Amino acid sequence: MGQRILTVNAGSSSVKFALYKSATSPECLARGQVQGIGSSPSFKFKKGGSGATKPVDAKDQDQALDVILSEITPLLDGQEVAGVGHRIVHGGPLRATPAELTEDVLADLATFNPLAPLHQPHNLSAVEAAKRAFPHALQIGCFDTAFHRNHPWENDIYAIPRKYYKQGVKRYGFHGLSYDYVSHQLVREHPELHGKRIIMCHLGSGASICAVNNGVSISSSMGFSPLDGIPMSTRSGHLDPGILLYLMETEGMTAKELTHMLYYDSGLLGLSGISHDMQVLENSDEQGAKEAVEYFVYRVRREIGAMAATLSGIDALVFCGGIGENSPNIRLQIIERLGFLGITPDAEANAQNATRISKGPTPVFVLPTDEEQVIANAVAKALTPAH
């Protein structure tokens with residue numbers, strides 16, 4: 001009962017963590033992140049109702065994890081870390097549940113590095129670092145793709161030669177841990193929505209839309225990789241593949257150059273020419289910033305309409321993620337033209353970041369997501385002997 005659970009969520013420029021008491025329902029003791037890795041790293045820490053941020057030395061994810069471990073050691077209070085849970089962005093075509101991260105599993109997951117280059121290599125690097133730090137702890141991987149593994153066939157396949165589908169070229173969908181948490185939280189708080197048609201918008205540095213029917217993911221705006229769908233901080237979102245062929249032929253761009261452009265130089269950054277940060281763009285008077293915001297809003301609204309068609313209607317809309325939870329302006333721009341779906345904005349509630357931000361027959365909610373809690377629950381379950 002005195003054991004601890006640690007969750008690790010490693011990305012390209014940050015490592016998030018949370019520390020839990022090991023129990024049937026894990027209780028969070030502290031959470032935070034090392035952010036700005038490689039540029040201006042800082043450590044953000046929250047325990048109870050208080051928090052603090054300070055600069056740290058972290059040139060890569062290994063050093064970031066070292067910082068986290070040194071900071072949380074006093075909180076262990078002499079107890080061992082019995083399990084470490086990891087967010088793994090890509091689980092491949094078969095993994096639909098959390099799994100122990102054995103050497104064989106890690107080797108298989110490494111084959112998906114090219115499909116999620118901003119995340120997967122760092123996810124796996126954090127696993128190796130955690131294994132060194134806690135050699136006796138159970139290492140559990142929770143996969144962002146798992147929530148979407150029950151899509152109907154027509155929502156998973158691409159219209160290219162079928163042999164590639166058999167090789168795993170299909171729509172995977174991502175942000176599954178976030179959608180898992182939000183969909184369950186929504187039904188807990190609003191039981192009248194159990195079994196209903198829900199469209200969820202995870203809007204942050206990475207962004208996607210998900211259609212859920214009766215608690216099951218039916219479709220995701222993200223596909224084979226985390227590039228597809230709506231524009232993101234530095235990722236392009238949906239793109240005509242003919243553009244890539246054109247750039248290869250006329251500019252002589254290589255696969256490596258195209259990868260860098262699509263993952264690091266596109267999205268809000270590429271459109272605005274100013275910043276990848278939505279908050280910076282919202283506060284800017286530059287035309288490029290305004291146009292980037294307008295395009296983002298348009299694509300989100302368009303994707304919501306597509307998901308409503310997929311579900312043959314909508315019973316509720318939910319916003320989560322950094323932008324979704326914290327930007328009333330973006331939310332209002334998105335929903336004020338969704339009256340055809342029964343959505344009427346409540347401008348005052350939206351400005352106050354209320355839980356419900358609509359007045360119409362179709363409710364719109366803002367629900368903070370908690371991927372770490374989903375991971376911790378999975379680790380606790382793995383640590384609990386079956387009866």
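Our subject is the structure listed above.
Residues numbered from 1 in each chain as written. Predicted model: local features only at pLDDT ≥ 70, side-chain atom pairs only at ≥ 80, totals over all residues. Heavy atoms only, no water.

(A) The arrangement of the overall build of the protein chain in detail. A tally of regular secondary structure across the protein chain gives 14 helices and 13 strands. Its C-alpha radius of gyration of 21 Å places the protein chain within 12% of the 21 Å reference for a compact globule of 387 residues. The principal-axis extents of the C-alpha atoms in the protein chain amount to approximately 55 × 55 × 45 Å. Relative to its 387 residues, the protein chain shows a buried fraction of 53%. (Helix = DSSP H or I, 4+ residues; strand = E, 2+ residues; numbered from the N terminus. Rg over C-alpha atoms; globule rule 2.2 N^0.38 Å. Buried < 20%, exposed > 50% of the residue type's maximum accessible area, 1.4 Å probe, protein only.)

(B) Spotlight on the layout of surface pockets. In this model, the second largest pocket occupies a volume close to 750 Å³. Lining the second largest pocket we find 23 residues, and of these Phe224, Ser225, Leu227, Pro241 and Leu244 sit closest to its centre. Listed by contribution, the elements that provide at least two residues to the lining of the second largest pocket are helix H6 (241-250) and helix H7 (255-264). Broken down by element, the lining of the second largest pocket gets its largest block of residues, five residues, from H7. Broken down by class, the residue content of the lining of the second largest pocket amounts to 15 nonpolar, five polar and three charged. (1 Å grid on protein atoms, 1.4 Å probe; cavity = no way out; pocket = protein on both sides within 12 Å on 5 of 7 lines; lining within 4 Å. Points joined across faces, edges and corners; volume = space filled by probe spheres on them. Nonpolar A, V, L, I, M, F, W, Y, C, P; charged D, E, K, R; others polar.)

(C) Region of interest: the packing of helix H5 (residues 176-189) against helix H14 (residues 371-383). As a packed pair, H5 and H14 sit with axes 8 Å apart at the nearest point and diverge in direction by 90°. On the basis of their axis angle, the class for H5 and H14 is roughly perpendicular. Here Leu177, Ser178, Asp180 and Tyr181 of H5 lie close against H14, whose contacting residues are Glu371, Gln373, Val374 and Ile375. (Axes fitted to C-alpha atoms, helices over the stretch in contact; angles between N-to-C directions. Parallel < 35°, antiparallel > 145°, perpendicular 65-115°, else oblique. Contact = heavy atoms within 4.5 Å.)

(D) Just the environment of Gly322, in detail. With respect to the helices and strands, Gly322 occurs in helix H11 (residues 321-326). Residue Gly322 is classed as partly exposed on the basis of its relative accessible area of 42%. Put simply, Gly322 and Asn377 are 55 residues apart on the chain and 22 Å apart in space, counted from C-alpha to C-alpha. Every residue in contact with Gly322, bar those within four places of it in the chain, is listed here: Leu203 and Gly204.

(E) Region of the structure containing the sheet that holds strand S7 (residues 99-100). Pairing within the open sheet is mixed, and its eight strands lie in the order S5-S4-S3-S2-S1-S6-S8-S7. On the outer flanks of this sheet lie strand S5 (50-55) and S7, each paired with one strand and no other. Where strand S1 (residues 4-10) lies against strand S6 (residues 81-88), five bridges are found, and the strand directions are parallel. Residue Thr7 lies in a different strand from S6, and its bridge partner there is Gly85. (Pairing = 2+ DSSP bridges.)

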